[in-house]
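So the chains spell out like this:
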Amino acid sequence: MEYRNFGNSDLEVSVIGFGCWPMGGTQYGATDDDEEIAAVHKALDAGITCFDTAAAYGPGHSEEVLGKALGARRKDVVVVTKCGIAFNPETETFGRDSSREAIMAGIDRSLGLLGMDYVDLYLIHWPDPNTPIAESMGALQELIDAGKIRYAGVSNFQPDLLAECRKTLNIVANQVGYHMFDRRIERELMPHCEREGIGIMAYGSLAHGVLTGSMSADTTFEETDWRATGYAFGLPLFHEDHWVKNLETVDRLSQVADGLGVSLPTLASAWVLRDPTVTVSLIGFRRPEEIDDALKVAELQIPDDVLEEIDAISSEAFERLYAAREFDPQDSPPNPENPNPTRR
């Protein structure tokens, strides 16, 4: 396993991270807690040290299962969780809230569910337009001073907001979507993070399941699965108008992977990690057997000519989806269960 630091910090993690969004059991279709726990144990044995969850996953169930799974081995890993999205049980909707009050209450709730005294990295899940950045960053600094978190970061923030954050607090990470079908961060965000020494946590590295190679023209999603909207953070990744062409792209990329003697998921994650600005590629593991492929990622060095071939295939697919986008991540609505409310 390869390990990298978040930007200019001394916080080191494995380049493969265990993404715990599916572990919540409500937003990626049903999952089995025992299988998830077994997957965590196998990941630990394999040298995976980054485990990423959030208060909104479940909500709360993901944190609870992760804490149970880690147990006494918690001290050997970097635990990441997120705040800033509040669930309203009366309306069963989510809203953004990164106020000091919400952040303080959120960390105590998360620590209780995780069964931990602190988390290694605490992120604001989405920008909150109603709370001054300085207030949110000040609250995170208080949590660092209190020993409840070791480092702070954000998720889904664009360069202008990152610059505002850095005026108050030395954030070390920005978690954003990045995969072969979605290359938006390459335009401005990735260069900014490289210059400023902010590590990128790439979520959706397998294109939210598309690059597993297991989907087909007959693939359907449960009603509670956010992918049933047809959209992935504004891009029509699962939309019927693009699905056949997306599967053709997957076939072409699978042939490239076959030529290297690796699986498509291995190639997809290794591609995300080709830029050292990306600290960790997050994969939403569901079962122990899925860990095996991930172990090959850190070992794979993609030849330059193959990278050029992938770039051509990937760019064509991305530009097609980008032209049909409905919004960009910084403009996305606050509900992580329903990234595009017009579709549900």
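Rules used in this analysis
Residues numbered from 1 in each chain as written. Predicted model: local features only at pLDDT ≥ 70, side-chain atom pairs only at ≥ 80, totals over all residues. Heavy atoms only, no water. Buried < 20%, exposed > 50% of the residue type's maximum accessible area, 1.4 Å probe, protein only. Helix = DSSP H or I, 4+ residues; strand = E, 2+ residues; numbered from the N terminus. Pairing = 2+ DSSP bridges. Right-handed = clockwise from strand over helix to strand, strands pointing away. Phe/Tyr/Trp six-rings, centres within 6.5 Å; stacked < 30°, edge-to-face > 60°. Lys NZ or Arg CZ within 6 Å of the ring centre and 35° of its normal. Patch = residues over 30% accessible without salt bridge, like charges linked within 9 Å, V, L, I, M, F, W, Y side chains within 5 Å. Areas by Shrake-Rupley, 256 points an atom, 1.4 Å probe, with all protein chains shown as cover. Salt bridge = Lys/Arg side-chain N within 4 Å of Asp/Glu carboxyl O. pLDDT = per-residue confidence, 0-100. Contact = heavy atoms within 4.5 Å. Core = buried A, V, L, I, M, F, W, Y, C linked by side-chain atoms within 4.5 Å. Axes fitted to C-alpha atoms, helices over the stretch in contact; angles between N-to-C directions. Expected span 1.5 Å × (residues − 1). Polar contact = N/O pair within 3.5 Å; in protein donor to acceptor, adjacent residues only side chain to side chain.

### A closer look at the pairing of strand β10 (residues 173-177)
Working note: regular strand, side chains alternate between the two faces of the sheet. Counting buried positions over the 5 residues of β10 gives 5, a clear majority of the element. What you see with β10 is no split at all: Ala-173, Gln-175 and Gly-177 on one side and Asn-174 and Val-176 on the other are buried throughout. The sheet contact formed by strand β9 (residues 149-155) and β10 spans 2 bridges and is parallel. Counted as the bridge partner of Val-154 is Asn-174 from β10. Handedness of the β9-helix α5 (residues 159-166)-β10 crossover: right-handed. As defined by bridge partners, β10 adjoins strand β11 (residues 199-203) across 5 bridges and the pair is classed as parallel. Across the sheet, residue Asn-174 finds its bridge partner in β11, namely Ile-200. Of the crossover connections in this fold, the one passing from β10 over helix α6 (residues 189-196) to the parallel β11 is right-handed.

### Some remarks on the packing of aromatic side chains
All told, the structure shown has 12 aromatic pairs when counted by the stated rule. An angle of 35 degrees between the planes, with centres 5.3 Å apart, marks the rings of Tyr-178 and Trp-271 as tilted. Of this pair, Tyr-178 sits in the loop between β10 and α6 while Trp-271 sits in helix α8 (residues 264-272); the two residues are 93 residues apart in sequence, bridging distant segments of the chain. Trp-271 matches Tyr-178 in its accessibility class, with the two residues each being buried. Through a chain of ring-to-ring contacts, three or more aromatic side chains come together here, namely Trp-21, Tyr-57, Trp-126, Tyr-203, Phe-221, Trp-226, Phe-233, Phe-238 and Trp-243. Note that Arg-274 overlies the ring of Trp-271, its terminal NZ or CZ placed 3.9 Å from the centroid. It is Arg-325 that lies over the ring of Tyr-322; its NZ or CZ is 3.8 Å from the centre.

### Re a nonpolar patch on the surface
A cluster of nonpolar side chains, Met-1, Tyr-3 and Leu-295, forms an exposed patch at the surface whose accessible area comes to about 230 Å². Relative to the helices and strands, Met-1 resides in the segment before β1 (3-5).

### Some details on the confidence of the model for the chain
For the chain, per-residue confidence averages 90 on the pLDDT scale, and residues scoring 70 or more make up 94% of the total. The low-confidence segment residues 332-344 (pLDDT under 50) makes 45 contacts with residues lying over four places distant or belonging to another chain.

### Some details on the pairing of strand β5 (residues 78-83)
Of all 6 residues in β5, 6 are buried, a share of seventy percent or more. Alternating residues of β5 divide into Val-78, Val-80 and Lys-82 and Val-79, Thr-81 and Cys-83, and every residue in both groups is buried. Note that strand β4 (residues 50-52) and β5 share 3 bridges and pair parallel. Following the sheet pairing, Phe-51 is matched in β5 by Val-79. Taking the sense of rotation as the criterion, the β-α-β connection linking β4, helix α2 (residues 61-70) and β5 turns out right-handed.

### Quick notes on the side chain of Ser-99
Turning to its location among the elements, Ser-99 is positioned in the loop between β7 (93-96) and α3 (100-114). Taking relative accessible area as the criterion, Ser-99 reaches 14% and is therefore assigned buried. Among residues more than four places away in sequence, those in contact with Ser-99 are Asp-128, Thr-131 and Glu-135.

### Describing the nonpolar core
Core analysis: the largest hydrophobic core is formed by 113 residues, its most contacted members being Phe-18, Phe-51, Leu-121, Leu-140 and Leu-211. Once residues lying within four places of it in the same chain are set aside, the contact partners of Phe-51 are Phe-18, Val-40, Ala-43, Leu-44, Leu-66, Leu-70, Val-77, Val-78, Val-79 and Val-80.

### Observations concerning the environment of Val-278
Assignment of secondary structure puts Val-278 in strand β12 (residues 278-283). Each residue touching Val-278, except ones within four places of it in the same chain, is listed here: Arg-4, Tyr-178, Met-190, Ile-200, Ala-202, Val-272 and Leu-273.

### A word on unusual backbone geometry
Residue Gly-58 is joined to Pro-59 through a cis peptide bond whose omega torsion reads -10 degrees. Positive phi outside glycine occurs at Asn-156, with the angle close to 65 degrees. Inspection of the secondary structure puts Asn-156 in the loop between β9 and α5. Overall, the relative accessible area of 3% leaves Asn-156 in the buried class.

### Points about the sheet that holds β12
Strand order in this closed barrel of 8 strands is β3-β4-β5-β8-β9-β10-β11-β12, and the pairing throughout is parallel. Within this sheet the neighbouring strands show an average axis-to-axis angle of 30 degrees, counted without direction. Pairing between strand β3 (residues 16-19) and β4: 3 bridges, direction parallel. Within the sheet, the bridge partner assigned to Gly-19 lies in β4 and is Asp-52. Helix α1 (residues 33-45) rests against β3 and β4 of the sheet, and its axis sits at about 165 degrees to β3.

### Quick look at α1
The end-to-end C-alpha distance of α1, which contains 13 residues, comes to 19 Å, matching closely the 18 Å that a straight helix rising 1.5 Å per residue would cover. Buried residues along α1 sit in contact with β3, β4, α2 and α9 (291-294). Two to three positions downstream of the cap, the backbone nitrogen of Asp-34 sits 3.0 Å from a side-chain oxygen, assigning the N-cap of α1 to Asp-32. Of the residues one or two after α1, Gly-47 is the one with positive phi, at around 95 degrees.

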